[in-house]
Amino acid sequence: MKKLRFIRRLILLLIVFGLIGLGYYTYAISPTDYQFSTYEYKNQNIDSKLNGFKIAFISDTHLSDQKSLDRLEGMIKKLNTYTFDMVIFGGDLFNDEVFSSKEVSSALKNIDCKYGKFAVLGEKDETAHLEVTQILNNAGFEILKNEARDIYYKDVTFSLIASELNNDISKIKSNTKTIKVCVTHQPDSFVSNKGQVDLQLSGHSNGGSLYIPFYGPLMPIEGAKTYNHGIYEESSTLLVSNGFSGPTSLPYKFLCRNEINFITLNTNSASQ
């Protein structure tokens, strides 16, 4: 009996300390913590010459002050230690007001890749549309708006489709016969986009912020109520990034660590 009582107390202590640890991480560490996540996207329509093509996807930086800018600069230094071919920004550069425009452009300009720097805008970017566009342009990013762009690599192509908020992508024409990669800020657009693209990359949801497995986010936000965390396979594939930073109103993360995503393209066809 004494041994059983000891085991019960030990389990209870472990649970208590575990909850304390999770609470401390969520409150004190998670707002600035982040990781580099990897995902291999396989599709038989990917030409074998595209095998290994890697996209760095950054979304929801929510810059708010000098500390957040310093954090972005530190992340970019780490990012450049990895090998990738293209970078895509998924929207919501600032949390609220634009600040230190030249410094932000300078930081983003340091991202080094060979096959293009592209961006779509989020709803927070729309309030300062012209300023955000200029900052990204000065950093070497091309803003895509409801259009398709053929990406050339080793004599083959794939189509990069960019969609603004709530836009019908069926009206965006692409000439490529290979895969279509769609980038749009809000993941719930996948309801209408699936079946029209092969892979969609989105942010906005912050991974659910406070995410409970098998339940979902405690406070789902508009534009990310159906799709908000991880990978979805529904005739097409959707990757929802946790984003680089939560908004200042809710910067805390529970079981959805801030991240920068690497997406590697590979064929799954044995014949190629």
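Residues numbered from 1 in each chain as written. Predicted model: local features only at pLDDT ≥ 70, side-chain atom pairs only at ≥ 80, totals over all residues. Heavy atoms only, no water.

Chemist: Sorry, what's going on with the pattern of salt bridges here?
Modeler: A pair can form between side chains of opposite charge whenever their charged atoms are brought close. Within this structure, the stated rule accounts for 5 salt bridges. We note a salt bridge from Glu-234 to Lys-194, for which the minimum N-O separation is 2.7 Å. One end of the pair, Glu-234, is in the loop between strand 12 (230-233) and strand 13 (237-240); the other, Lys-194, is in the loop between helix 5 (190-193) and strand 9 (199-202), with 40 residues separating them in the sequence. The exposure class of Glu-234 is partly exposed, given its relative accessible area of 27%. (Salt bridge = Lys/Arg side-chain N within 4 Å of Asp/Glu carboxyl O. Helix = DSSP H or I, 4+ residues; strand = E, 2+ residues; numbered from the N terminus. Buried < 20%, exposed > 50% of the residue type's maximum accessible area, 1.4 Å probe, protein only.)

Chemist: In this structure, what is going on with the sheet that holds strand 8 (residues 180-183)? I would like to understand it.
Modeler: Two modes of strand pairing occur in sheets, parallel and antiparallel, and in both the strands are linked by backbone hydrogen bonds. Read from one edge of the open sheet, 6 strands run 6-7-8-9-13-12, paired in mixed fashion. Of all the strands in the sheet, the pair left with one neighbour each is strand 6 (147-153) and strand 12. On average, adjacent strands in this sheet sit at an angle of 20° to one another, irrespective of strand direction. With 7 bridges joining them, strand 6 and strand 7 (residues 156-162) adopt antiparallel strand pairing. Residue pairing for strand 7: Ala-148 is matched across the bridge by Ile-161. (Pairing = 2+ DSSP bridges. Axes fitted to C-alpha atoms, helices over the stretch in contact; angles between N-to-C directions.)

Chemist: What exactly am I supposed to notice about the state of the cysteines here?
Modeler: Covalently bonding the sulfur atom of one cysteine to the sulfur atom of another cysteine gives a disulfide. In total, this model carries 0 disulfides according to the counting rule given. Unpaired in terms of disulfides, Cys-182 finds its nearest cysteine sulfur in Cys-113, a separation of 19 Å. (Disulfide = S-S within 2.5 Å.)

Chemist: Could you clarify how one ought to interpret helix 2 (residues 66-79) in this entry?
Modeler: Each full turn of the α-helix corresponds to 3.6 residues, which orients residues three or four apart in the same direction. Here helix 2 contains 14 residues, and its C-alpha end-to-end distance of 20 Å stays within 8% of the 20 Å for a straight helix at 1.5 Å per residue. Buried within helix 2 are the following residues: Ser-68, Leu-69, Arg-71, Leu-72, Met-75, Ile-76 and Leu-79. Down the axis, helix 2 shows its buried residues gathered within 155° of arc, on one side only. Of the exposed residues in helix 2, those oriented more than 90 degrees away from the buried face are Lys-67 and Lys-77. (Expected span 1.5 Å × (residues − 1). Arc of directions from axis to C-beta.)

Chemist: Which parts of the structure should I look at to understand the packing of helix 2 against helix 3 (residues 101-109)?
Modeler: In a pair of packed helices, the angle between the axes and the distance between the axes together describe the arrangement. Closest axis-to-axis distance for the helix 2/helix 3 pair is 9 Å, and the angle between their directions is 15°. For the element pair helix 2 / helix 3, the angle class is roughly parallel. Pair helix 2 / helix 3 crosses with left-handed handedness. Contact residues: helix 2 offers Leu-69, Leu-72, Glu-73 and Ile-76, while helix 3 offers Glu-103, Val-104, Ala-107 and Leu-108. Taken together, the residues of the contact of helix 2 with helix 3 break down into 6 nonpolar, no polar and 2 charged. (Parallel < 35°, antiparallel > 145°, perpendicular 65-115°, else oblique. Left-handed = near helix turned anticlockwise from the far one by under 90°. Contact = heavy atoms within 4.5 Å. Nonpolar A, V, L, I, M, F, W, Y, C, P; charged D, E, K, R; others polar.)

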